[in-house]
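If you want the building blocks of each chain, they are given just below.
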Amino acid sequence: MMCLVKKILIISLTRMGDLLQATPLMAGLRKKHPDARLDVLVSSDFASIAKSIPKINEVRIFNLRQFTPAEYKGDLTLVDVYKYIEEFTEELKKSKYDVVINLSHSKMSAVMTSLINVKDIRGITSSDVGNRMIKHPWLRYFATIIFNRDYNSFNLVDIYLKSGDVEASEDRLLLEVDEESKKFSEEFLSQQGVVENDFLVGFQPGSSRKGRRWSTKSFACLADRIVSELKGKVILFGVKSEADLGQEIEEMMENKPVNAMGKTSVQHLSGLVRRCNVLITNDTGTMHIATAMGTRVVGLFFAHALPMETGPYSRGNIVFQANIPCSPCSYGVDCNNVVCVDYVTVDHLFQVLGLINNGKINETFFENESGVAKIKMFRSDFDEDHMLEFLPMIKRSITKQDFFYFVHRLVWKITLSPNDEKRIKHFKDSVEEKHILKKLKTHYNLKKFSSLYPDLKESLEEFNKLWDVSKQASRTTEKLLQASISNPPQIQKIKSLGEKIADFDEKINLMGLTNPIIKPITDMFRFGKENLQGENVSVLAKETLVLYQNIKFQAGSIYQIGFQLCESLKQSFDTSA
């Protein structure tokens, strides 16, 4: 991002959790550009919580809610909506922002960013003819996650940070609690008999999707064990529409909890969550409030939810998943048999609370231990580059997916870095295996690695093939570039080379479609091609050449790093044998 940035706008229109996960980006931008104006554009639904976010100058509210039948007075027409959007966009345009970072994915936000005449746009926008474009490598990478969830290891917070070319200034999300809310939480808890030294556990039993919810029976059983065996107290959180869940839990419990469901504003909720020793929650906005408050999270990730993407952004949280092949569900899939919620049991959660109470959250379990076969457990921490990662707490035999998960993570760090010197340093560090080899040896059972070795080598050869295709495509594009800038341009040669390039593109796309391990980088290439616009052949050739060089570098890096890692692991076990 250029040095003389005077005005920055961040757009976050979708969910409260997304907005909270953007707060480290806001803090990083404020640190990098202390004198810049930093505004945030949010939906009217999140106006209240947005005003509690530090480091920003103004909250700009986009209010389509006013056009709902319950809110709008009079006869509503599409013209009314259009006029509002047009006037709103004109106001943004007048602000003359230097940088706009669009963290939303809607067509509305894409059109809006394309109309406000800002040179440096990050995220989804529209071309002059209305086609989708995704600006900035990290946000383009984010668009590929939906298709390649098995190999994504980056948390949304870190992707947001990278989209602003900034580093995290703190190890958590950011949200301020006002004095009135602190006073409310103290008085509310005191009235409910909660005193200062009580071990207080918060429950968030609801979630935006019913299929992501742990059962009310499980919450009730766990709550009774917390009260009877840990001598703790339980408080229930949730919005008004989830109050029936709280009632169900209360009715099944022997010891009644503190029920705050539907009784708090977001600010008051933040004050109460701040007091909790632990929050046990589905994948919700309350989970992100907890990380902002410094409260430890035990997260339950079912159905479509995946902790690597949206897990709690702070150190020392524990998250659960079902250990089944279909977890997580693919986006767009509406599962009619959400069995994953039953795989995580009350015993699992109670055992984790014991670890937290005893300060043993770094403990490792083994795959042959009783009770862990059906679950995955991860602990959150920050890696050597201060990016969040979730490390397995159950030591299982390493799989091909595990191996490439870590290799992909390393290569994306290298190839998406805007700093060439940092890219080269990362590559050298990776070859020296300062981190990845140690993690694999620490968190996975590698005794059967020799049987996995041939399969890994075969998969690595696919990346070598992709490297070769990209190399040929680069050479062809270089010829096209020369033909386009010759005087006069060599029209027939340009046409012939253009057809060859189209064939290379089809071949690259097919390689990704037939091989899931390769697909993340072929999808990045595809999104890059979508960004090309205009009719100037030489300009398009130059931009296409960069895309081919990138995919060649990515494929080659995975091949080289993966090959060396394979050999090092094999050698270490051959020696020990």
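Fair warning: this is a prediction, and the values are worked out from it, not measured in the lab. (Residues numbered from 1 in each chain as written. Predicted model: local features only at pLDDT ≥ 70, side-chain atom pairs only at ≥ 80, totals over all residues. Heavy atoms only, no water.)

Student: Can you explain the overall build of the chain? Please cite residues and give values.
Tutor: Along its length, the chain carries 21 helices and 17 strands. Taken over C-alpha atoms, the radius of gyration comes to 26 Å for the chain, in line with the 25 Å a tight globule of 577 residues would show. Residues classed as buried in the chain amount to 55% of the 577 residues present. By element, 50% of the accessible surface of the chain is carried by carbon and sulfur atoms, the whole surface being about 26,700 Å². Within the chain, the 72 negative side-chain charges are centred at a point lying 3 Å from the centre of the 76 positive side-chain charges. (Helix = DSSP H or I, 4+ residues; strand = E, 2+ residues; numbered from the N terminus. Rg over C-alpha atoms; globule rule 2.2 N^0.38 Å. Buried < 20%, exposed > 50% of the residue type's maximum accessible area, 1.4 Å probe, protein only. Areas by Shrake-Rupley, 256 points an atom, 1.4 Å probe, with all protein chains shown as cover. Lys, Arg positive; Asp, Glu negative; His and termini not counted. Charge placed at Lys NZ, Arg CZ, Asp CG, Glu CD.)

Student: Any details on a nonpolar patch on the surface? Residues and values, ideally.
Tutor: On the surface, a nonpolar cluster with roughly 280 Å² of combined accessible area is contributed by Ile 146, Phe 147 and Tyr 331. Relative to the helices and strands, Tyr 331 resides in the loop between strand E12 (318-322) and helix H14 (346-357). Judged by its relative accessible area of 35%, Tyr 331 is partly exposed. (Patch = residues over 30% accessible without salt bridge, like charges linked within 9 Å, V, L, I, M, F, W, Y side chains within 5 Å. Salt bridge = Lys/Arg side-chain N within 4 Å of Asp/Glu carboxyl O.)

Student: Give a detailed account of unusual backbone geometry, specifying residues and quantitative values.
Tutor: Note: most residues except glycine have negative phi, and most peptide bonds are trans. For the bond running from Ser 327 to Pro 328, omega is 5°, close enough to zero to count as cis. One can find Pro 328 in the loop between E12 and H14. Between Asn 487 and the following residue, Pro 488, the backbone shows a cis peptide bond with an omega angle of 0°. Its location among the elements puts Pro 488 in the loop between helix H18 (449-485) and helix H19 (491-513). Although it is not a glycine, Lys 96 adopts a positive phi angle of roughly 55°. Relative to the helices and strands, Lys 96 resides in the loop between helix H4 (78-94) and strand E4 (99-102). Given the relative accessible area of 65%, Lys 96 is considered exposed.

Student: Give a description of the environment of Ala 143 that names residues and reports values.
Tutor: Relative to the helices and strands, Ala 143 resides in helix H6 (residues 137-145). Note: C-alpha distance between Ala 143 and Ile 121 (22 residues apart in sequence) is 16 Å. If we ignore the near neighbours within four places in the chain, the residues touching Ala 143 are Ile 134 and Phe 527. (Contact = heavy atoms within 4.5 Å.)

Student: I'd love a proper account of the environment of Ile 551, names of residues and values included.
Tutor: Along the chain, the position of Ile 551 falls in helix H21 (residues 537-576). Residue classification places Ile 551 among the buried residues on the basis of a relative accessible area of 1%. Apart from the residues lying within four places of it in its own chain, the contact partners of Ile 551 are Leu 466, Ser 470, Ile 508, Ile 521, Thr 522 and Phe 525.

Student: Give me the lowdown on the pattern of salt bridges, citing residues and values where you can.
Tutor: Summed over the entire model, instances satisfying the criterion amount to 30 salt bridges. Between Arg 409 and Glu 389 there is a salt bridge, with its nearest N and O atoms 3.9 Å apart. Of this pair, Arg 409 sits in helix H15 (residues 400-415) while Glu 389 sits in strand E15 (residues 388-392), placing them 20 residues apart in sequence. Judged by its relative accessible area of 4%, Arg 409 falls in the buried class. A residue is classified by how much of its surface remains accessible, and Glu 389, at 5% relative accessible area, is buried. Among the charged side chains, a network of salt bridges with common partners joins Asp 383, Glu 384, Asp 385, Glu 389, Arg 409, Lys 413 and Lys 439.

Any functional reading would require information that these geometric values do not contain.
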